[in-house]
Amino acid sequence: MRRESGILLSVASLPSRYGIGCFSKEAYEFVDQLKAAGQSYWQILPLGPTSYGDSPYQSFSTFAGNPYYISLENLIDEGLLTREECEAADLGDDAGLVDYEKLYENRFPLLRKAYERSGAGNDPEFLRFKAENAWWLDDYALYMAVKARFDQAAWTQWAKDIRLRWQNALDYYRRELYFDIEFHQYLQYLFMSQWNRLKAYANSRGIRIVGDIPIYVALDSADAWASPELFQLDENNAPQAVAGCPPDGFSATGQLWGNPLYRWDYHRQTGYGWWIKRLSYCYRLYDVVRIDHFRGFDQYFSIPAGAENAVGGHWEQGPGIELFRRVKEALGDKEIIAEDLGYVTDSVRRLVAETGYPGMKVLEFAFDSRDSGCASDYLPHNYPENCVAYTGTHDNETIAGWFESIKPEEQKLARDYLCDHYTPVEELHLPFISLVMRSQARMCIIPLQDYLGLGNDCRINTPSTVGENWRWRLVPGQMSEAVTEEIGMVTRRYGRWNWD
């Protein structure tokens with residue numbers, strides 16, 4: 001197997017202008033930096049439109065893209081917006097943080113202007129996109145338009161006729177909100193056009209995209225509204241049980257995610273058709289797909305609807321290997337990374353082994369008593385070749401912040417393993433990265449914050465908290481030539497250089 005490496009960085013964290021990272025020239029420059037550093041992969045976070053809390057893992061759609069990622073510079077170049085209009089919009093004044101409230105209030109009006117000037121209804125490329133994607137796009141665009149009509153309330157709070165999708169209500173809103181619906185269809189056209197160009201450029205430079213999808217969809221999503229039969233909902237389409245994780249060393253009350261659980265017997269009866277469509281669509285967007293919370297396919301944690309935390313939940317059986325056999329029959333061999341972290345049982349290990357997919361190894365878990373898994377699984381000398389190794393993920397502390405947060409005896413254990421009691425704390429991130437990179441794991445993915453030696457004020461997410469997550473961004477010049485050279489030296493030293 002070829003030894004490879006990549007970098008984890010959300011599109012939102014790019015140092016683009018106008019408030020958030022997007023598909024602008026800075027994204028292309030980052031691809032060039034990955035190439036210059038000998039990388040093979042760019043791992044991103046989910047690309048879907050975000051809802052309350054701004055989490056890309058709680059999206060309004062499993063198929064749609066986030067309109068925030070549409071490059072305003074491209075729209076200026078196309079004559080749909082003026083630079084003065086974009087400069088006048090208040091999209092946040094801190095280049096190192098995303099201000100989602102200001103984006104919501106001031107970016108959408110700009111995009112609406114672009115739509116109104118586009119003449120989209122007479123554009124054959126847009127009309128072709130609408131026709132080809134109608135199977136998900138029509139419901140999504142209607143959902144977003146109706147949601148705005150109901151002051152952004154969750155669909156579970158809409159009037160009964162449209163909440164339960166009575167035909168007369170669907171017909172009424174499609175007529176009444178025609179231009180609002182077309183606006184959201186147009187945003188998806190812009191998103192996909194710009195993303196396809198960026199991905200093609202990355203692939204031409206030898207960089208493959210690792211996409212990330214959550215196992216679950218959000219309750220407040222077009223998916224749950226349009227296809228309630230897929231989920232454990234009652235006759236009023238209210239959840240009967242919701243998803244989460246049991247208590248562990250990181251959270252005494254567990255994690256209450258609130259996503260609707262799948263009705264796996266229905267999926268089985270339909271040959272897992274929805275999952276096959278979902279994954280097939282993912283491979284239009286990405287080269288490799290990482291599935292978050294893979295253990296939920298073996299057993300999933302079911303929490304009674306209305307519970308305040310995850311303490312009262314219990315485990316239920318998932319679809320197991322049957323789902324992935326059907327996926328392989330339908331799609332052939334596809335590259336999937338199984339996020340098999342946390343409380344891992346023998347049956348989860350068997351499922352991952354049977355699929356043949358690489359699982360994940362996170363260095364931080366090897367020396368942290370808070371983790372509920374088996375610490376020795378995460379020591380680099382135990383990594384199998386068929387795995388993807390990380391210092392940490394988007395849900396973890398940065399490697400520098402993590403080392404500061406663990407107990408003194410755990411710090412000593414980590415330094416003993418490194419055989420390094422001399423490197424200053426502020427430089428210790430590089431020995432930890434090197435530890436992962438010289439393992440026999442076929443693929444290593446390192447969060448960019450770790451190469452930069454940044455602390456926990458730059459972590460991307462703290463699970464079970466709301467308000468300050470998903471905001472961190474690179475500032476212009478932070479990914480310097482010296483940083484690129486450093487990454488390249490580590491990559492070459494451990495035989496992971498991309499010669500493509």
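Above this note sits the structure.
The present account deals with the structure reproduced in this document. Everything numeric here is computed off the predicted structure, so don't read it as measured data.

**A closer look at the overall build of the chain**
So, step 1. The number of helices and strands found in the chain is 19 helices and twelve strands.
So, step 2. Computed over its C-alpha atoms, the radius of gyration of the chain comes to 23 Å, within 12% of the 23 Å expected for a compact globule of 500 residues.
So, step 3. For the chain, with 500 residues in total, the buried portion stands at 58%.
So, step 4. When contacts within the chain are restricted to residue pairs at least 6 apart in sequence, those whose partners lie at least 24 apart make up 74%.
So, step 5. Once the 50 positive and 71 negative side-chain charges of the chain are each reduced to a mean point, those two points are 5 Å apart.

**Overview of empty space enclosed by the protein**
So, step 1. By the definition in use, this model includes four cavities of 30 Å³ or more.
So, step 2. Roughly 210 Å³ of volume is contained in the largest cavity.
So, step 3. Lining the largest cavity we find 23 residues, and of these Pro46, Gly48, Ser61, Thr62 and Pro214 sit closest to its centre.
So, step 4. For the lining of the largest cavity, the secondary structure elements donating two or more residues are strand S3 (208-214) and helix H12 (273-285).
So, step 5. By residue number, the principal contributor to the lining of the largest cavity is H12, which donates four residues.
So, step 6. Partitioned by chemical class, the residues of the lining of the largest cavity number 15 nonpolar, five polar and three charged.
So, step 7. In this structure, the second largest cavity spans a volume of roughly 140 Å³.
So, step 8. Around the second largest cavity, the lining comprises 16 residues; the ones closest to its centre are Leu8, His394, Pro447, Gln449 and Ile460.

**Points about the layout of surface pockets**
So, step 1. Reported here for the second largest pocket is a volume of approximately 610 Å³.
So, step 2. Taken together, 25 residues line the second largest pocket, and the ones lying closest to its centre are Phe60, Tyr68, Tyr104, Phe108 and Gln152.
So, step 3. Looking at the lining of the second largest pocket, the elements with two or more residues in it are helix H4 (100-118), helix H6 (134-149) and helix H9 (178-204).
So, step 4. The biggest single contributor to the lining of the second largest pocket is H4, with six residues.
So, step 5. Tallied by class, the residues present in the lining of the second largest pocket amount to 13 nonpolar, six polar and six charged.

**Describing the sheet that holds strand S6 (residues 288-292)**
So, step 1. Strand order in the open sheet made by the eight strands is S9-S6-S3-S2-S1-S12-S11-S10, with parallel pairing throughout. Looking along the sheet, the strands with just one partner apiece sit at the ends: strand S9 (336-338) and strand S10 (359-362). Each strand axis lies, on average, 25° off the axis of its neighbour in the sheet, ignoring direction.
So, step 2. In this fold H12 packs onto S3, S6 and S9, with an angle of close to 150° to the strand it touches most, S3.

**Describing the packing of aromatic side chains**
So, step 1. A full pass over the atoms with the stated rule returns 53 aromatic pairs.
So, step 2. The interplanar angle of 90° and the centroid separation of 5.1 Å between the aromatic rings of Tyr178 and Phe179 together place this pair among those described as edge-to-face.
So, step 3. A relative accessible area of 43% places Tyr178 in the partly exposed class.
So, step 4. Seen in terms of ring centroids, Phe301 and Trp315 are 5.1 Å apart; in terms of plane orientation they differ by 65°. Their pairing is edge-to-face. Here Phe301, found in strand S7 (residues 299-304), pairs with Trp315, found in strand S8 (residues 314-317); they are 14 residues apart in sequence, far enough to count as distant.
So, step 5. Through a chain of ring-to-ring contacts, the aromatic side chains of Tyr216, Phe231, Trp257, Tyr262, Trp264, Tyr272, Trp274, Trp275, Phe294, Phe297, Phe324 and Tyr357 assemble into a single cluster.

What counts and how
Residues numbered from 1 in each chain as written. Predicted model: local features only at pLDDT ≥ 70, side-chain atom pairs only at ≥ 80, totals over all residues. Heavy atoms only, no water. Helix = DSSP H or I, 4+ residues; strand = E, 2+ residues; numbered from the N terminus. Rg over C-alpha atoms; globule rule 2.2 N^0.38 Å. Buried < 20%, exposed > 50% of the residue type's maximum accessible area, 1.4 Å probe, protein only. Contact = heavy atoms within 4.5 Å. Lys, Arg positive; Asp, Glu negative; His and termini not counted. Charge placed at Lys NZ, Arg CZ, Asp CG, Glu CD. 1 Å grid on protein atoms, 1.4 Å probe; cavity = no way out; pocket = protein on both sides within 12 Å on 5 of 7 lines; lining within 4 Å. Points joined across faces, edges and corners; volume = space filled by probe spheres on them. Nonpolar A, V, L, I, M, F, W, Y, C, P; charged D, E, K, R; others polar. Pairing = 2+ DSSP bridges. Axes fitted to C-alpha atoms, helices over the stretch in contact; angles between N-to-C directions. Phe/Tyr/Trp six-rings, centres within 6.5 Å; stacked < 30°, edge-to-face > 60°.

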